[in-house]
Amino acid sequence: MSKYIIEGGNRLEGIIEVQGAKNAVLPIFAACVLTDEEIRISNVPDLADVVSMENILKELGVTIKKNGRERILQAKDMISDEIPSELAKELRSSVFLLGSVLGRMKKATVAYPGGCDIGLRPIDIHIKGLRDMNVVVEEKSGYLYCDGSKMIGQEVCLDYPSVGATENVMLAAVLSTGETVICNAAREPEIIDLQRFLTAMGAKVRGAGTSRIFIEGVAKLHGCDFTVMPDRICMGTWVLATALCGGETVLKGGRKSEIHSLCCKLDKSSCHIKEENGIIVIKAEQGGRNPERVTTQPYPGFPTDLQAQFCAYAALSRGTCVVTETIFENRFRHVPELQKMGADITVEGRVAVIRGMPYLTGAEVTARDLRGGAALMLAGLAAQGKTVVCDIKHIDRGYEHPEETLKNVGAKIIRV
Ligand code: UD1
């Protein structure tokens, strides 16, 4: 099992290229089965989750050609409508294939998906959305059997603006007859990217980025060329790394508006973030003042995917911050690890009270999930002495060679 060994205490200086967005590329890959024509996708990040999705697509009969960050995918002959259970368990996002395989084949079978161990992560909202569109869904021994032969466009009201359920219904609806309207849709930027992609394939979709999305079904979709949007969670992670360590970094490829909720929580007197000519410049001194509270919310609120990294930042800032996690029920597994480094954090249910310390001390810690792992990596960069982060396979699910990115800006980090 790979580990990171980090020698903390170095300022970060230099340029960071923001990778393509994991949470955009996964539903876009799923969407490729909606046409038998060739799809060319650029800015694909090199991530374990992307490889898992590619393995599932190959099992379904999709051919994939890889050339650096570009992929050419073609679902000319689909050989199966069943998403294999061993592969689906590796990747929660395999659930998107339900919508797209249904769209293409009018039936689909999928095992209950896996993914990060950050809570229950049920898929009832996905299922209800599909049932609203007349899909017959049967649940039997860990599998969902879906019959979409009578699928039609409908008004689908989501009980909660679930990102995955919004994307799944969009994917099922683009090739259905009639108009689907998704109410209480998630508004995340990745959903806008999916709309851009589907539109490039000839779909009729509008409204993404608002809570009502309109999809008028079409008979056929075609191939296209597409570039995946930059990853706003990686961007936020690198902003927090700079704020934690102090220094000056330049992020290329990101959009500041997409991390507005994070920027609002950073102490402006110690961390300046400026967007100019398509790049983001961060100038930071260690030890800013903590905000009183941070509460995770669906977009445009503070992202749950930056909560753990923010905890690492708050642990080393001045004052007390109350962090409330409203999206997932088990997302403080980084806290006991940060405590090993001297962080003063108490957790009760979904609330963490973080009292900032003047320094953290290097320790051996273990990544338990993707973003929690990133938080430990950031804490290690800023701590005094040596930190060993174990089980970094979790980090590889969402960050493309982060040790290279960090080494390029002056961090002392090696993978062993
Ligand atoms: C996506 C992101 C993930 C992010 C999350 C919230 C991808 C690949 N992943 O995950 O990184 O942390 O959005 O921003 O895009 N829920 C239900 N029933 C459902 C669906 C969801 O109860 O059918 C609950 C979940 O358990 C969770 C909350 O709703 O508590 C949000 O989930 P959702 O927005 O669906 O997140 P994902 O799409 O899984």
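Reading the values: the criteria
Residues numbered from 1 in each chain as written. Predicted model: local features only at pLDDT ≥ 70, side-chain atom pairs only at ≥ 80, totals over all residues. Heavy atoms only, no water. Axes fitted to C-alpha atoms, helices over the stretch in contact; angles between N-to-C directions. Helix = DSSP H or I, 4+ residues; strand = E, 2+ residues; numbered from the N terminus. Parallel < 35°, antiparallel > 145°, perpendicular 65-115°, else oblique. Left-handed = near helix turned anticlockwise from the far one by under 90°. Contact = heavy atoms within 4.5 Å. Nonpolar A, V, L, I, M, F, W, Y, C, P; charged D, E, K, R; others polar. Core = buried A, V, L, I, M, F, W, Y, C linked by side-chain atoms within 4.5 Å. Buried < 20%, exposed > 50% of the residue type's maximum accessible area, 1.4 Å probe, protein only. Domains from an automatic or database assignment. Buried area = accessible area lost by both parts, 1.4 Å probe. Salt bridge = Lys/Arg side-chain N within 4 Å of Asp/Glu carboxyl O. Polar contact = N/O pair within 3.5 Å; in protein donor to acceptor, adjacent residues only side chain to side chain. Pairing = 2+ DSSP bridges. Near = heavy atom within 4 Å. Areas by Shrake-Rupley, 256 points an atom, 1.4 Å probe, with all protein chains shown as cover. Phe/Tyr/Trp six-rings, centres within 6.5 Å; stacked < 30°, edge-to-face > 60°.

What follows is about the packing of helix 1 (residues 22–31) against helix 7 (residues 189–200). At a minimum axis distance of 9 Å, the contact between helix 1 and helix 7 shows a crossing angle of 30°. Considering the angle they form, helix 1 stands roughly parallel to helix 7. Pair helix 1 / helix 7 crosses with right-handed handedness. Here N23, A24, P27, I28 and A31 of helix 1 come into contact with helix 7, specifically with E190, D193, L194, F197 and L198. Taken together, the residues of the contact of helix 1 with helix 7 sort by class into seven nonpolar, one polar and two charged.

This next bit is on the nonpolar core. Judged by nonpolar contacts, the single largest core of 78 residues is most densely connected at I41, F197 and L198. It is helix 1 that provides the largest number of residues to this core, a total of seven residues. Those residues in contact with I41, other than ones at most four positions away along the chain, are I28, F29, C32, R69, E70, R71, L73, F197, F226 and V228. Core analysis: the next-biggest nonpolar cluster, separate from the first, contains 68 residues, M235, I280, F332 and A363 among them.

Moving on, we get to the domain arrangement of the protein chain. Each assigned domain of the protein chain is listed with its residue range as follows: domain 1 (3–19 + 231–415) and domain 2 (22–227). Placing the centre of domain 1 and that of domain 2 at their C-alpha centroids yields a distance of 30 Å. Domain 1 puts 23 residues into the contact, and the matching count from domain 2 is 21 residues. Note on domain 1 versus domain 2: buried area summed over both sides is about 2,000 Å², and carbon and sulfur give 48% of it. Contact with domain 2 buries surface across domain 1, with Y299, R397 and E400 losing the most and accounting together for 32% of the total. Taken together, the connections running from domain 1 to domain 2 amount to three salt bridges. Its salt-bridge partner being D49, residue R397 comes within 2.8 Å of it at the nearest N-O pair. At the surface where domain 1 touches domain 2, the tally comes to eight residue pairs in polar contact (both at pLDDT 80 or more). Grouping the amino acids of the side of domain 1 that touches domain 2 by side-chain chemistry returns seven nonpolar, four polar and 12 charged.

The next point concerns the pattern of salt bridges. With the rule as written, the count across this model stands at 26 salt bridges. A salt bridge links K274 to E276, with the nearest nitrogen and oxygen atoms 3.5 Å apart. In this structure K274 comes out as partly exposed when scored by relative accessible area, which is 48%. With its nearest N and O atoms 3.8 Å apart, the salt bridge here joins E329 to R350. Remark: R350 occurs in the loop between strand 20 (344–348) and strand 21 (351–355) and E329 occurs in the loop between strand 19 (320–324) and helix 11 (335–340); sequence separation between them is 21 residues. The class for E329 is partly exposed, based on a relative accessible area of 36%. Judged by its relative accessible area of 34%, R350 is partly exposed. Salt bridges sharing common partners tie together R11, E13 and E285.

Spatially, four strands are ordered 2-15-17-16 in an open sheet, and the strand pairing comes out mixed. At either margin of the open sheet sits one strand with a lone partner, and together these are strand 2 (12–17) and strand 16 (271–276). For this sheet, the mean angle separating the axes of adjacent strands, direction not counted, is 10°. In this sheet, strand 15 (residues 247–252) lies alongside strand 2 in parallel orientation, the contact comprising six bridges. Across the sheet, E13 pairs through a bridge with E248, a residue of strand 15. Relative to strand 15, helix 8 (residues 232–245) is tilted by about 170°, and along the sheet it contacts strand 2, strand 15, strand 16 and strand 17 (279–284).

Around the ligand lies a shell of 18 residues, among which D124, I125, S162, D305 and I327 are the nearest. A distance of 2.6 Å separates an oxygen atom of the ligand from a polar atom in the side chain of S162. The fraction of the free accessible surface of the ligand (740 Å²) that becomes covered by protein chains is 87%. Broken down by secondary-structure element, the contributors of at least two residues to the shell around the ligand are helix 5 (124–132) and helix 6 (163–173).

What follows deals with the packing of aromatic side chains. With the rule as written, the count across this model stands at five aromatic pairs. Centre to centre, the rings of Y143 and Y145 are 6.2 Å apart; their planes meet at 35°, and the pair counts as tilted. Each ring, one from F302 and one from F310, has its centre 5.5 Å from the other, and the planes form 85°; the classification is edge-to-face. Assigned by exposure class, F302 and F310 land together as buried. Taken together, the aromatic side chains of F302, F310 and Y313 make up a single cluster linked through ring pairs.

The subject of this paragraph is the pairing of strand 16. Inspection of the sheet shows strand 16 paired to strand 17 by six bridges, in the antiparallel sense. Within the sheet, the bridge partner assigned to I273 lies in strand 17 and is I282. Here strand 16 hands over to strand 17 after two residues, with N277 in that stretch at a positive phi of 45°.

Now for helix 10 (residues 307–315). In terms of burial, helix 10 is a largely internal element, nine of the nine residues being buried. Among the residues of helix 10, those classed as buried are Q307, A308, Q309, F310, C311, A312, Y313, A314 and A315.

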